[in-house]
Amino acid sequence: MMATAAMTFASGQAISQTKTLYIGMNGGVMEKTWTERIFPEFEKANNVKVVVVPGTSSDILAKAQANKDKPQMHVMFLDDGVMARAVGMGLCEKMTPNPQLEEIYPIARFKGDMAAGVTMGMTGMAYNTKMFADKNWTPPTSWMDFADPKYKGKVVFQSLPASSFGLHGFLMFNRIQGGSEKDVNPGFNAWPKTIGPNVLEYIPSSAKLAEMFQNGEVAIAPLTPTSVAVLKGRGIPVEYVQPKEGSVVLMVAQCVIAKNSEPELSQKLAQHLLSAQAQSAGLQYGNQVPSNAKAKASKEADQAVLSKFNDYMKTAVTVDWDTINANRPAWNARWNRVVER
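Note that the structure is a prediction, hence the values are computed from the model and not measured.

Undergrad: Explain the pattern of salt bridges here, please?
TA: Where charged atoms from two side chains of opposite charge come close, those side chains can pair. A full pass over the atoms with the stated rule returns 13 salt bridges. Here lysine 32 ties to glutamate 36 by a salt bridge, and the two come within 2.9 Å at their closest N and O atoms. Of this pair, lysine 32 and glutamate 36 both sit in helix H2 (residues 28-46), 4 residues apart, roughly one helical turn. For glutamate 36, a relative accessible area of 45% gives the class partly exposed. Glutamate 102 is the partner of arginine 109 in a salt bridge, and the nearest nitrogen-oxygen pair spans 3.3 Å. Here the residues in one salt-bridge network are Glu102, Arg109 and Asp113, joined through shared partners.

Undergrad: Is there a simple way to explain the packing of aromatic side chains in this structure?
TA: The relative placement of two aromatic rings is captured by the distance of their centres and the angle of their planes. Applying the stated criterion to the full structure yields 15 aromatic pairs. Centre to centre, the rings of phenylalanine 170 and phenylalanine 188 are 4.7 Å apart; their planes meet at 45 degrees, and the pair counts as tilted. Here the residue phenylalanine 170 occupies a position in helix H7 (residues 164-176), and phenylalanine 188 occupies one in helix H8 (residues 185-190), the gap between them amounting to 18 residues. An identical accessibility class is assigned to phenylalanine 170 and phenylalanine 188; each is buried. Ring centres of phenylalanine 170 and tryptophan 335 lie 6.0 Å apart, and the angle between their planes is 85 degrees; on these two criteria the pair is classed as edge-to-face. Of this pair, phenylalanine 170 sits in helix H7 while tryptophan 335 sits in helix H14 (residues 321-338), and the two are 165 residues apart along the sequence. Here the two residues phenylalanine 170 and tryptophan 335 agree in accessibility, since each one is buried.

Calculation criteria
- Residues numbered from 1 in each chain as written.
- Predicted model: local features only at pLDDT ≥ 70, side-chain atom pairs only at ≥ 80, totals over all residues.
- Heavy atoms only, no water.
- Salt bridge = Lys/Arg side-chain N within 4 Å of Asp/Glu carboxyl O.
- Helix = DSSP H or I, 4+ residues; strand = E, 2+ residues; numbered from the N terminus.
- Buried < 20%, exposed > 50% of the residue type's maximum accessible area, 1.4 Å probe, protein only.
- Phe/Tyr/Trp six-rings, centres within 6.5 Å; stacked < 30°, edge-to-face > 60°.

These figures come from the coordinates and say nothing about function on their own.
Now the structure itself:
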């Protein structure tokens, strides 16, 4: 009888054992916001622990690709362009139909619902408000301001091979020069005599920008409104500008990783992260602009973020990711040869 009771107890333990889901995403503010404010409700309701595997989009994609036959992660967050590559590589599983997919902005739904935008944003320009005030400069208004000689040695640009921000900035410059995603010759040909001479440093990610703005090393750089809001919250003298030619839509998208060990739970997590409730928390605690149109602003400052976002979207443009991803290796090699020599 005692043996039967022990077996029953052991069986109960196995049934109630907490499972772990691993999610790849950016560290920093995003990780902190999701871990503290969004995952706990899901964890409690599903007897599961969600663990973040931090890294850039490129890092997370590389991990997923290396373990594609036996995934170590269950869900991943990637910048939209990187996510398009992941889908094309067969790393993502189609999202199961759910009400949340119907609530997100149409632009946030990937073809075939293989992925979905979780947060919305755009790449525009950030400028150093203290430097501009000290020098009595008017705020920048155009992508072509990166080529203004007065900013010589004060422009910082993210590297095209490593950063969506750098890629977006280059593609907008290329468009202004008469090019398109199908023809980047105008941009590459013009860069060495326009923006190139002004660049202090090409950086692989935006992590160094906080220190560089704080130290007065940089006047302008490509950046998103969300990133600028985070820097301002830390007391760094920086402001966002929507270029007159438009910003570039930049989503952080999620997908359920194909062949993962917990497909049903992973789908439930992905669905939860698209919900208005989860995304409202992301906005409130992390300045993450929601992809769910039903997400609510809980305070006046959050409503101001949404209002500004809607204004920026009026002139935001999208880029041709199919063409970009097909040609990215050649562009990367050319960038390294011509720009970052």
